[in-house]
Amino acid sequence: MPVSPEIIELRKILAERYPQQTGSHSLCIPTGWSPLDSLLGGGLPKGAITQLLIPNISSGGAIVLHEIIEAMQDVSQYVALIDGKDSFEPAADHPLLLWIRCHNVLQALKATDLLLRDGNVSLVILDFKESPDKDLRKIPGSAWYRFQRITEENGNTLLTVTRHPIVSSAQITISTMHRLCLDDLSTQRTDLIKLISLEIIRLRIQQDYRYA
Amino acid sequence: MHKNGTNCFAVIYIPFYALQCAQQKRVLEKHALQNGPLDQLAFDVIETDTLRVGEQNPNDDASSVLPAALLDQEGMQVIELNYAAEDAGVQPGMSTSQAIARASELVLYKRSPSNEEHLQHTLLQLGYRYSPFIENSAPGICALDLKGKRIRKHQPWLRELLAHLRSIGLKAQAGIGSNPEIALQAAKIANPILEILEDCQLLQSLALESLAPSPFLLDILKNWGIRTLGALTRLPREEIGQRLGLEALSLWDRAAGRSTKMLQLIQPPETFEESIDFEQRLETLEPLLFVLRRFLERLSLRIESIYLLIAELHLVLTLEDGEKIARILQIPAPTREVDTLFGIAAQYLETLQTTAPVTGFHLKVMPSRPAGHQFDLFQGGLKDPNRFFQTLARLAALVGNEKVGLPQRLDTHRPDSLQMLMPELGWSRKNVKKSGRPNTGPGLRRYRPGIAARVELNDAKPVLLQSSLISGRILEVRGPWKLSGNWWDRTRWETKEWDIALDNGGLYRLAQKTTNFNEDLRRTTDVNDERSASLALQGQWEVVGVYD
């Protein structure tokens, strides 16, 4: 159905008046955390899976997680965190964070499936950083493609946090390689964030296709 | 069509009302027990079945329907029967055995007063949708005063109303007339709608019984050879009055279409409930879900007639041992969508375990006005709150109630002290309260429970860590940070924490619990053993988390 000229005009006015809210709103979900948003050109891709790799111990993965959650809360966006090993430590009250504390990988996958299908929460974070490798290796590749299909259909976003690249259907894979030291424990969070560098290590061009 | 300003009444008439109600209940139970599909197809089957046994339209071929009769509550006597049963020689007042002796294929139904009451409420509520002036004339009969209704053609909305009734298993007829009596008589002979506004001749051929005169009066008139309304009105009115009294005068007026009876206006009851007592006990969930869906469809239709939404579902299950299980299910975003309501109720029933089979089910819904929301440009609530709370319930069933929710820290310095709050019905972005975020350091990933470890000390500082998962030489250490609390009661706790850098490159938090008299220990330890338990925990090391 063709879009009416009034709608197009309204979109133009909104884009001029609220440049930070519009623009790429149909393609990505701005997290509000500038290092990530600027790296990804506006935010996490909507309707796709983003994989965050944190291969090393103590390399700032939790900082990234906390920053995304807090930034999303600052812009009043709901976030769901599926905690694969019940290891998240809330540093503050998060009234818009739905935290699901799973005992194992299977539970986490089921919870992810439920939340993605639900479609009410725009960003779902699946944290497998502390989950055992042997359990993660048992996840069939079809599970990730199923998640990809659901996110495409519902227009929400899945961010996975893992040590190794296991998400075969991820559109973007980013990584952080920073190594924390003991002195960083007393460093200001704002200074610490500057030390953490994110880098895109894989970018899959999304095919414009439809499922039958 | 009639001119505005003239009197106009409509009557909705459900023939053999009690019999149809009983048939509807029987068919519902039958299909529920046969695990019929939970879709519209099932209701078509119900309707077909109802017609097969309950059809009594004079224009239909009587041979195509089975004789059916309604028994009283004790199941002893026939109190109502259809035309096929009447043709077979069955009469009201006969005992069950007498009735079956007259018609071997007679289908007998037991009366269900509660179902009749609920369906009468449905009839009134549906009628009220089309006119604010309604009368609860009799069971299965509702009269509507159409005064002031600015619709010239009544057939379309009457068809819609009849279709609604048909969708819940009741076959009704409608009549329109210049007074309630004519409208009622028109409804009785309608197929399915008849409009008599000026020409009353159609009514003249009706039998006198259609006006339900007293047996005494009917007997006299029949002895005179008066059997139809036309024959009665051809007699002089005054003479009839002089000989037979006021009742005969009233009958003459009604037969001539001159009734001046006023409608006794009522407000339809504002209770929305359905109930069923099963003739066979239910041992599986599927029949109950079938009935639940059917009830929700009926109630949703009734609620729709008053332009409200459903905010609460009150479910009561009666068990065979007499126990009653009651549950109120709140609907996060009030709605009339049957699928949504069914999903919420079915989810509860699926998780319910009963001690005995179910013998009765009662469902009541509480109406509510549509909630008004005005979101700003870039903010809003949940897209589909009902679905979200269903998902929450599923998540809670998956991982446990205490493992899903919004994290909130408790007002204590004790590590890992937080509670999970379930989002409330009004969970929205407007409820956000900004809370302080940490200013320093990375985040901690906590091991729950902590990993028990052996720690070697040198000069009172940890130098070597050994545990099942993490081991290594400690390169650097900060601490100890002493924490304690609740020293004034039995829940006192005390711990020392170190931040350590291991030779594997990881930063960990190490804790030495000197006293941890927590709730679990308190349950297993009496007061006399308190000191010994504290001592047992002294010096216990564990890795509580990794900085990341």
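Please read these numbers as outputs of a predicted model, since none were measured by experiment. (Residues numbered from 1 in each chain as written. Chains lettered and ligands numbered in written order. Predicted model: local features only at pLDDT ≥ 70, side-chain atom pairs only at ≥ 80, totals over all residues.)

1. Overview of unusual backbone geometry
Residues other than glycine predominantly adopt negative phi, and peptide bonds predominantly adopt the trans conformation.
Residues and elements named next belong to chain B.
At step 1: With an omega of -15°, the peptide bond between Asn191 and Pro192 qualifies as cis.
At step 2: Considering the arrangement of structural elements, one finds Pro192 in the loop between helix H7 (180-189) and strand E8 (193-196).
At step 3: A cis amide bond links Arg448 with the next residue in sequence, Pro449, at an omega value of 0°. (Helix = DSSP H or I, 4+ residues; strand = E, 2+ residues; numbered from the N terminus.)

2. Some words on the nonpolar core
At step 1: Within the largest apolar cluster, 79 residues are counted, with the highest numbers of intra-cluster contacts made by Val79, Ala80, Leu81, Ile82, Ile100, Val124 and Ile125 of chain A.
At step 2: For this core, the element with the most residues is helix H3 (residues 61-74) of chain A, which contributes seven residues.
At step 3: With residues up to four places along the chain from it excluded, the contact list for Ile125 of chain A reads Leu65, Val79, Ala80, Leu81, Ile82, Leu159 and Val161 of chain A.
At step 4: Grouped together as the second largest cluster of nonpolar side chains are 62 residues, Val65, Ala85, Leu106 and Trp252 of chain B included. (Core = buried A, V, L, I, M, F, W, Y, C linked by C-beta atoms within 7 Å. Buried ≥ 20, exposed ≤ 12 C-beta atoms within 10 Å, placed from the backbone. Contact = placed C-beta atoms within 7 Å.)

3. Re the packing of helix H1 (residues 17-33) of chain B against helix H13 (residues 285-305) of chain B
Residue and element names in this part refer to chain B.
At step 1: Remark: H1 packs on H13, axes separated minimally by 7 Å, with the N-to-C direction vectors making an angle of 140°. Judged by the inter-axis angle, H1 sits oblique to H13. Crossing handedness for the pair H1 and H13: right-handed. Listed contacts from H13 to Leu28, His31, Ala32 and Leu33 of H1 are Pro287, Phe290, Val291 and Arg294.
At step 2: Taken together, the residues of the contact of H1 with H13 break down into six nonpolar, one polar and one charged. (Axes fitted to C-alpha atoms, helices over the stretch in contact; angles between N-to-C directions. Parallel < 35°, antiparallel > 145°, perpendicular 65-115°, else oblique. Left-handed = near helix turned anticlockwise from the far one by under 90°. Nonpolar A, V, L, I, M, F, W, Y, C, P; charged D, E, K, R; others polar.)

4. Some words on helix H11 (residues 237-244) of chain B
At step 1: Across the eight residues of H11 of chain B, zero count as buried, placing the element largely on the outside.
At step 2: Positive phi shows up at Gly245 of chain B, right after H11 of chain B, with a value of about 95°.

5. Overview of the interface of chain A and chain B
At step 1: The partner chain B presents 50 residues to the 51 residues of chain A that form the contact.
At step 2: Contributions of two or more residues to the side of chain A that touches chain B are made by H3, strand E5 (97-101), helix H4 (105-118) and helix H7 (189-195) of chain A.
At step 3: The element best represented in the side of chain A that touches chain B is H3 of chain A, accounting for seven residues.
At step 4: Looking at the side of chain A that touches chain B residue by residue, the classes come out as 22 nonpolar, 17 polar and 12 charged.

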